[in-house]
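# Fold and contact review
Next come the chains, spelled out residue by residue.
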Amino acid sequence: MPTWTILGGGYQSYLKGDYSAAYEEWLPLAELGDAEAQYNLGVMYDEGAGRERDLGKAAEWYGMAAEQGFVDAQTNLGIMYMSGQGVPRDKARAQHWLQMAADQGDSEAAELLQQL
């Protein structure tokens, strides 16, 4: 079953602005290792959507998804290391994650690598 099918209810809740419901739907999946759910929780903490904004927690969730090859999480984590938001500024780690994303075709990551 495709992940988007499983996460569909969470997405519908998120799009309606019911962030608590989206969080409750995604958290168990994220804890089971679903990279897309982990990424989505990272976004929620990153943006402060239904959660208190916590860049450290965002980086943790992005990191779990990035380790599994989730390209958007890799880009976001690279940006966090590049800027030192939620994690210590670390050019080598930023380059690592941005390169991983760029290698998967992420044009934003490729452009950001040029700035390092």
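Described below are features of the structure shown in this document. (Residues numbered from 1 in each chain as written. Predicted model: local features only at pLDDT ≥ 70, side-chain atom pairs only at ≥ 80, totals over all residues. Heavy atoms only, no water.)

### Details of the packing of aromatic side chains
Going by this rule: Two rings from Phe, Tyr or Trp (for Trp, the six-membered ring) form a pair when their centres sit within 6.5 Å of each other. Planes less than 30 degrees apart are called stacked, planes more than 60 degrees apart edge-to-face, and all others tilted. Secondary structure elements are defined from DSSP: runs of H or I of at least 4 residues count as helices, runs of E of at least 2 residues count as strands, and each element is numbered from the N terminus. Buried means the residue's accessible area, taken with a 1.4 Å probe over protein chains only, is under 20% of the maximum for its type, while exposed means over 50%, and partly exposed covers the values in between. To sit over a ring, a charge needs its Lys NZ or Arg CZ within 6 Å of the ring centre and within 35 degrees of the ring normal.
Per the stated rule, a full pass over the model turns up five aromatic pairs. Ring plane angle 65° and centroid distance 5.0 Å describe the contact between Tyr14 and Tyr19, whose orientation is recorded as edge-to-face. Geometrically, the ring pair formed by Tyr14 and Trp26 is tilted, given 5.9 Å between the ring centres and 40° between the ring planes. A residue pair is termed long-range when its members are at least 10 positions apart, and Tyr14 in helix H2 (residues 8-15) and Trp26 in helix H3 (residues 19-31) qualify at twelve residues. Using a relative accessible area of 2% as the deciding quantity, one classes Trp26 as buried. In this structure, Arg51 is placed above the aromatic ring of Tyr23, and the distance from its NZ or CZ to the ring centre is 3.7 Å.

### Quick look at the environment of Ala59
Note the threshold: The contact criterion used is simple: two residues touch if any of their non-hydrogen atoms lie within 4.5 Å.
When you line up the elements, Ala59 lands in helix H5 (residues 55-67). Relative accessible area serves as the criterion here: at 7%, Ala59 is assigned to the buried category. With 14 residues separating them in the primary sequence, Ala59 and Tyr45 have C-alpha atoms 8.7 Å apart. Apart from residues lying up to four places away in sequence, Ala59 is in contact with Leu77, Met80, Gly86 and Val87.

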